[in-house]
Amino acid sequence: MGKPRQITAAALAVAGLTTAGAPAPASAELAAAAPFRVDYENGAHPKVGLNECCSHSITVDDLPRTGEYAVRSVLKYGDPKVAGSTRAESHTLHAKETHFRSGDTVYYGFSVYLLSTWQRDSREDIVFQWKPWSDACETGKFPSAFLSVQPSGKWRLRVNSDGNACSTPESVRKTSFDLVDVKPGQWHDFVFRFTWSHGSQGKIDGWHQTHKNPGWRKVLTAGGPNTFNDDKTTSGYLKWGIYKPAWASGKTDVDSRTIFHDNIAVGTTFSEVNPASSR
C-alpha cells in the first residue's frame, strides 16, 4: 500500500449503479449511473460526514475493491470517544439519497476488507449501520440494523424494531442472523435488499461473495419488523467504518482495529449497487 490520503471533512466519491432483480455477474463490469455510489476515486465529497477521533482514524488508501482507492478506518483502544463512544465512522446524515423510513424498499451494496492479521476478539466489531434519528419523544435509538464481526468468527446482521411510537430500550425487538464465515485477507462483498417496515410487511434479502471466491450466494431471507415506528419527520441514514462499543467501558482481547470499505451504494436494483462493478 502507498501513503494514505487523509480525509478531514466529508468523504466520498459518488459513482454509478443497472437494473435487474437478481444477482449480477461477479466480474468488474461497468455499472450504470445510480442514485448514490461511493468509490473514493476522487477523495472527499461534501455529502459524507465523519466521526473521526484522530489523524489516524479515517484515510483514503490504495487497497481498493475496484479502481485505485478505498477508505481505511482505524480505531485504537484509548482513542477519544466520538458521539459518545469509541468509533471511526463515515456517515450519510446529509445525503438524502440514502435516507430511509418504514415503507421504503431499497438495495444496498458495499465491500469490506479485513487485513490478514485480523485477530478474533471477545467482543463484536460493528462495521456497517442503518441508523435512524431519534423522534422528539425519544432520548436515543438503536440502529434499525447493523453488520458486525462476531467473536464466533461469523458475519452477523442484527435487526432492531419497535412498533411503538416512542421507542425505549426495553421495547425494542432484537433479532440476529449469522450469515457467513469471516475470512481475513480478502474483500467481502455484500448486497442487501430491505423492505423497511415496523410491522409484518418487512423483509430482508442478503447476498455475499468474496473477491477470491466470486459468485453471489444468497445468505439471508427474513420477514417481519425491521425498523421503527417513526414520526413523519424522522428517517434513517448509513454509517460505515469501525465501531467498538465495548471499548467505552474497558479493554478487550485486542487493542487496535483496521478495516477497509469500498463501493458503498444505494439504489433500486441489485446490479445498480453491485460492489464488484466499476462505475
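In the block above lies the structure referred to throughout.
What you see is a predicted model, and the numbers here were worked out from it, not measured in a lab.

1. Some thoughts on the state of the cysteines
Cysteine pairs can be linked by a disulfide, which is a covalent bond between their two sulfur atoms. Counted according to the given criterion, the structure contains two disulfides. Note that C53 is cross-linked by a disulfide to C54, the S-S spacing being 2.3 Å. Between C53 and C54, the S-S dihedral sits near -105°, and the bridge is therefore left-handed. Between C137 and C166 runs a disulfide, and the two sulfur atoms are separated by 2.1 Å. Looking along the S-S bond of the C137-C166 disulfide, the torsion reads about -115°, which is the left-handed sense. Of this pair, C137 sits in the loop between β9 (125-132) and β10 (145-149) while C166 sits in the loop between β11 (154-161) and β12 (173-181); the two residues are 29 residues apart in sequence, bridging distant segments of the chain. Cysteines bonded in the protein are numbered consecutively along the chain; their disulfide partners then correspond to 1-2, 3-4.

2. Overview of the environment of F192
Structurally, F192 can be placed in strand β13 (residues 186-195). The class for F192 is buried, based on a relative accessible area of 0%. Spatially, the C-alpha atoms of F192 and L220 are 8.8 Å apart, while their sequence positions differ by 28 residues. For F192, the contacting residues outside a window of four places in its chain are V106, Y107, Y108, F110, W130, L157, L179, I204, D205 and G206.

3. Considering the nonpolar core
W130, W155 and L157 are the most contacted members of the largest nonpolar core, which totals 45 residues. Counting residues per element, this core draws most heavily on strand β8 (residues 105-114), at five residues. By size, the runner-up hydrophobic cluster in this structure holds seven residues, among which are Y107, V191, W207 and F270.

4. As for the environment of G223
Secondary-structure assignment places G223 in strand β15 (residues 213-223). Beyond its immediate sequence surroundings of up to four residues, G223 is in contact with G202 and K203.

5. Here's the deal with the pattern of salt bridges
Scanning the entire structure with this criterion turns up 15 salt bridges. For the salt bridge of E97 with K47, the shortest nitrogen-to-oxygen distance reads 2.5 Å. One end of the pair, E97, is in the loop between β7 (87-91) and β8; the other, K47, is in the loop between β3 (33-38) and β4 (49-51), with 50 residues separating them in the sequence. Between D205 and K218 there is a salt bridge; the shortest N-O distance is 3.0 Å. With D205 in strand β14 (residues 203-210) and K218 in strand β15, the pair connects residues that are 13 residues apart, well separated along the chain. Exposure remark for K218: the relative accessible area of 48% places this residue in the partly exposed category.

6. Focus: the sheet that holds β11
Working definition: the strands of a sheet are paired by backbone hydrogen bonds and lie parallel or antiparallel to each other. Pairing within the open sheet is antiparallel, and its seven strands lie in the order β4-β7-β16-β9-β10-β11-β12. The open sheet is flanked by β4 and β12, the only strands paired with a single partner. Adjacent strand axes in the sheet meet at a mean angle of 15° when their direction is disregarded. Pairing between β9 and strand β16 (residues 236-243): six bridges, direction antiparallel. Bridging from a neighbouring strand, Q129 pairs with K239 of β16.

Criteria and thresholds
- Residues numbered from 1 in each chain as written.
- Predicted model: local features only at pLDDT ≥ 70, side-chain atom pairs only at ≥ 80, totals over all residues.
- Heavy atoms only, no water.
- Disulfide = S-S within 2.5 Å.
- Helix = DSSP H or I, 4+ residues; strand = E, 2+ residues; numbered from the N terminus.
- Buried < 20%, exposed > 50% of the residue type's maximum accessible area, 1.4 Å probe, protein only.
- Contact = heavy atoms within 4.5 Å.
- Core = buried A, V, L, I, M, F, W, Y, C linked by side-chain atoms within 4.5 Å.
- Salt bridge = Lys/Arg side-chain N within 4 Å of Asp/Glu carboxyl O.
- Pairing = 2+ DSSP bridges.
- Axes fitted to C-alpha atoms, helices over the stretch in contact; angles between N-to-C directions.

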